Amino acid sequence: QVQLVESGGGLVQPGGSLRLSCAASGFTFSSYAMSWYRQAPGKERELVAGISRAGGSTNYAGSVKGRFTISRDNAKNTVYLQMNSLKPEDTAIYYCNAETLFPVTLIYWGQGTQVTVSS
């Protein structure tokens, strides 16, 4: 059974930091690119950051570049999102995403974790 379980969300003051984790099971983690998405109230879900299967390539949304860092540990089947210098506009539900294109396209989602940035 495929599972993506996010953790690490919560309430933080502006300028603070959080580290999200996503523990994967039920599939070959190292064969999947991993990403973090977020969805704020009334807005569409958007890509925050992505990382390649071996971790050698990353990409970020312009709004988080320089503040967020995505990483993965294939030995622990876990992907992380370190979020620094948080802003109120970072408030959203953050979702973990796993995707492979070979031999067929498969996409999995976690249930999400709430991040609230407020004083």
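Our subject is the structure that appears above.
For the structure given in this document, a descriptive report is provided here. Small disclaimer: the values here were computed from a predicted structure and weren't measured.

**Points about unusual backbone geometry**
Alright, step 1. Pro103 follows Phe102 through a cis peptide bond whose omega is 0 degrees.
Alright, step 2. By secondary structure assignment, the location of Pro103 is in the loop between strand S9 (92-100) and strand S10 (106-109).
Alright, step 3. Phi at Asn77 is positive, roughly 55 degrees, even though this residue is not glycine.
Alright, step 4. Relative to the helices and strands, Asn77 resides in the loop between strand S7 (68-73) and strand S8 (78-83).
Alright, step 5. One non-glycine residue, Ser85, adopts positive backbone phi at about 50 degrees.
Alright, step 6. If you trace the backbone, Ser85 turns up in the loop between S8 and S9.
Alright, step 7. For Ser85, a relative accessible area of 40% gives the class partly exposed.

Cut-offs and rules
Residues numbered from 1 in each chain as written. Predicted model: local features only at pLDDT ≥ 70, side-chain atom pairs only at ≥ 80, totals over all residues. Heavy atoms only, no water. Helix = DSSP H or I, 4+ residues; strand = E, 2+ residues; numbered from the N terminus. Buried < 20%, exposed > 50% of the residue type's maximum accessible area, 1.4 Å probe, protein only.

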